[in-house]
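Geometric and topological summary
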Amino acid sequence: MHPEEAKVVRQGVKELLAGKSITTVTRNFVASGVTTTMGNSWQLQTVKQILRNPRICGYRKLNGELVSDSEGNPVVGKWEPIVTPKEWYAVTTLLEQRRNAGGWDGSGEGKRTPRKYLLTGLVRCGKKLEDRRTCHTKMTGAPARKTHKYRCRSVLDGGCDKLSRQGPAIDKLITQLVLAKLEKRDAERQPVEETWADEPQLEAAQRRKSALEEQWHAEEISDSTFFALLKKEEAEIKRLSNERKGWAARQETCGTRSRMFGPSGRTWTSSRSGQSSSTPWKP
């Protein structure tokens with residue numbers, strides 16, 4: 001263990017569990033003077049990878065799964081851990097919740113919320129960098145006077161912070177292209193069932209996972225039992241959630257244009273200005 005590097009990682013875990021944002025934690029990583037193994041400054045994604053890596057609590061993952069022995073016990077590495085397994089698991093869970101806050105997260109938990117800017121995370125930066133590479137970072141929507149724009153992320157978040165584009169014009173172009181594709185799909189779609197039959201099974205799996213976590217934190221079950229059962233429950237939740245997502249997509253039987261735009265099929269009313277706009281609704 002490198003004393004200074006371990007100190008920064010341990011402090012990052014404590015700060016996240018105390019309620020600080022991953023952006024604040026990343027800035028503290030940068031301010032520490034400790035660099036990445038390549039000698040580069042820290043970025044958000046790199047810090048997330050470090051804090052979510054089970055190595056910091058003495059475990060290892062292979063192909064996305066914890067390495068376990070024949071009895072289901074997580075194999076403990078021959079190095080000094082920086083944090084406890086419970087701290088690592090709590091941070092991993094916290095980062096997943098924040099990443100998917102308000103949206104579908106692949107585990108069946110949470111609810112969809114309307115997208116504020118239509119193409120956030122979908123359009124990418126095309127700026128040519130000094131080394132002649134294309135930035136290619138996902139752009140995010142931001143207010144711009146009476147409208148909005150899409151801009152590249154900050155350097156701390158992995159972008160170049162050197163490109164922005166007018167939002168409404170891009171929204172209109174992409175919307176029309178997508179509408180043509182979806183309307184063709186709607187015309188070919190067959191009616192499907194009205195309710196998803198496996199909703200009770202998904203809810204039961206989520207309850208079992210929550211109960212399992214409570215037992216583990218209360219030290220009523222061992223690490224080996226917890227991780228063995230957790231693996232099964234998460235696999236079941238993921239399978240059922242994917243099935244529900246596919247089912248939900250098939251339920252959209254109403255016209256695509258009426259879903260994207262207002263009742264007139266042309267405009268919607270801005271909640272901020274009260275004025276009519278040609279910008280599509282954010283479904």
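**Looking at the overall build of the protein chain**
Secondary structure assignment for the protein chain yields 8 helices and 7 strands. By residue count, 31% of the 283 residues in the protein chain fall in the buried class. A separation of at least 24 residues holds for 55% of the contacts in the protein chain among residues at least 6 apart in sequence. Entry remark: accessible area of the protein chain is about 18300 Å², with carbon and sulfur atoms responsible for 51%.

**Let's talk about the pairing of strand β4 (residues 147–151)**
Taking every second residue as pointing to the same face, the buried face of β4 carries His148 and Tyr150, while none of Thr147, Lys149 and Arg151 on the other face is buried. One ladder, built from 5 bridges, connects strand β3 (residues 140–144) with β4; its direction is antiparallel. Bridge assignment links Ala144 to a residue of β4, and that residue is Thr147. The antiparallel pairing of β3 with β4 creates a hairpin that spans 2 residues between the two strands, and Arg145 there sits at a positive phi of about 55 degrees. By the bridge criterion, 3 bridges tie β4 to strand β5 (residues 164–166) in an arrangement that is antiparallel. Bridge pairing in β5 links Lys149 to Gln166.

**Observations concerning the environment of Trp196**
If you trace the backbone, Trp196 turns up in the loop between α5 (167–188) and α6 (199–217). Accessibility expressed as a relative area gives 12% for Trp196, which makes it buried. The contact partners of Trp196, leaving out residues within four places of it in the chain, are Leu202, Leu240, Glu243, Arg244 and Trp247.

**Some details on the confidence of the model for the protein chain**
Counting all residues, the mean pLDDT for the protein chain is 81, and 80% of those residues have values of 70 or more. The low-confidence segment residues 101–111, where pLDDT is below 50, has 25 contacts with residues more than four positions distant or belonging to other chains. Note on residues 263–283: pLDDT is under 50 here. Beyond four places in sequence and across chains, it has 35 contacts.

**Overview of the environment of Lys232**
You can see Lys232 is positioned in helix α7 (residues 223–250). Placed 27 residues apart in sequence, Lys232 and Ala205 show a C-alpha to C-alpha distance of 9.6 Å.

Reading the values: rules and limits
- Residues numbered from 1 in each chain as written.
- Predicted model: local features only at pLDDT ≥ 70, side-chain atom pairs only at ≥ 80, totals over all residues.
- Heavy atoms only, no water.
- Helix = DSSP H or I, 4+ residues; strand = E, 2+ residues; numbered from the N terminus.
- Buried < 20%, exposed > 50% of the residue type's maximum accessible area, 1.4 Å probe, protein only.
- Contact = heavy atoms within 4.5 Å.
- Areas by Shrake-Rupley, 256 points an atom, 1.4 Å probe, with all protein chains shown as cover.
- Pairing = 2+ DSSP bridges.
- pLDDT = per-residue confidence, 0-100.

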